[in-house]
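Architecture and fold: a report
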Amino acid sequence: MELMKLEIVTPNGVIFDDEVKQVTLPGSEGEFGVLPRHATLVSLLDTGVIVIEKADGTEVAVAINSGYVKVDEEKTTCIVDGAVALSGEDSNLAKALDEAKELLKKAESSSIAIASAVSKVEQIGKSL
């Protein structure tokens, strides 16, 4: 099984740094997935949810307000303005979900993108 390095960096530091199977990103032109050995690209990220499939098959979701991603064959780096991780292992999940919704609502994005991201956060909350 091939893995790639994924790093998510905020102004407060690195919030995710691990080997992953794949990541789905909220690109400015719509959602897109990145797998190991993806062609090199740089894209703006919109308000939304990054969904990470970890090496063990579990998923982690990270709500973001904006940023950009740099992809190359070995590593994907997301530089984001604000992020809240939503994970099933988190005992403060309700608090994280509220923080994620607040972060998304403060974003300077289109109201449609924000509504879509908030709805995704709510679905994640129900599924955990």
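Report on the accompanying structure. (Residues numbered from 1 in each chain as written. Predicted model: local features only at pLDDT ≥ 70, side-chain atom pairs only at ≥ 80, totals over all residues. Heavy atoms only, no water.)

Looking now at the pairing of strand 5 (residues 48-54). By the criterion of burial, strand 5 is predominantly enclosed, with six of the seven residues buried. Note: strand 5 against strand 6 (residues 59-64), six bridges, orientation antiparallel. Within strand 6, the residue paired with V51 across the bridge is A61. The turn joining strand 5 and strand 6, which pair antiparallel and follow one another in sequence, is formed by four residues; a positive phi near 90° is taken by G57. (Buried < 20%, exposed > 50% of the residue type's maximum accessible area, 1.4 Å probe, protein only. Helix = DSSP H or I, 4+ residues; strand = E, 2+ residues; numbered from the N terminus. Pairing = 2+ DSSP bridges.)

We now examine the side chain of E7. Examined against the element boundaries, E7 turns out to sit in strand 1 (residues 4-10). Taking relative accessible area as the criterion, E7 reaches 15% and is therefore assigned buried. The residues touching E7, leaving out its near neighbours within four places in the chain, are V14, F16, D17, K75, T76, T77 and C78. (Contact = heavy atoms within 4.5 Å.)

The subject of this paragraph is the nonpolar core. By size, the foremost hydrophobic cluster in this structure holds 19 residues, and its most contacted members are L6, I8, V23, L25, I50, I52 and C78. Sorting the residues of this core by element identifies strand 1, strand 2 (13-27), strand 3 (30-34), strand 5, strand 6, strand 7 (67-71) and strand 8 (75-80) as the ones contributing at least two each. With four residues, the top contributor of residues to this core is strand 2. Setting aside chain neighbours within four positions, we find C78 in contact with L6, E7, I8, V9, L25, L45, I50, Y68 and V69. Grouped together as the second largest cluster of nonpolar side chains are 15 residues, V51, A100, L104 and I124 included. (Core = buried A, V, L, I, M, F, W, Y, C linked by side-chain atoms within 4.5 Å.)

On to the side chain of T10, then. With respect to the helices, strands and loops of the structure, T10 is situated in strand 1. Setting aside anything within four residues of it in sequence, one finds T10 in contact with I15, V80 and A83.

So, on to the pattern of salt bridges. Under the counting rule described, the total for this entry stands at five salt bridges. A salt bridge links E2 to R37; the nearest nitrogen and oxygen atoms lie 2.8 Å apart. Taken together, the residues span a long stretch of sequence, with E2 in the segment before strand 1 and R37 in the loop between strand 3 and strand 4 (41-45) at a distance of 35 residues. The class of E2 is partly exposed, set by a relative accessible area of 46%. D72 is paired through a salt bridge with K70; the nearest N and O atoms lie 3.7 Å apart. Judged by its relative accessible area of 42%, K70 falls in the partly exposed class. (Salt bridge = Lys/Arg side-chain N within 4 Å of Asp/Glu carboxyl O.)

For N12, the position within the fold is in the loop between strand 1 and strand 2. For N12, a relative accessible area of 78% corresponds to the exposed category. Taking the C-alpha atoms as reference points, N12 and G82, 70 residues apart in sequence, are found 8.7 Å from one another.

Turning our eyes to something else, we now look at the environment of E53. For E53, the position within the fold is in strand 5. Of the residues examined, E53 reaches a relative accessible area of 21% and is grouped as partly exposed. Sequence-wise, E53 and V20 are 33 residues apart; in three dimensions their C-alpha atoms are separated by 6.0 Å. Residues in contact with E53, not counting those within four places in the same chain, are V20, K21, Q22, T58 and E59.

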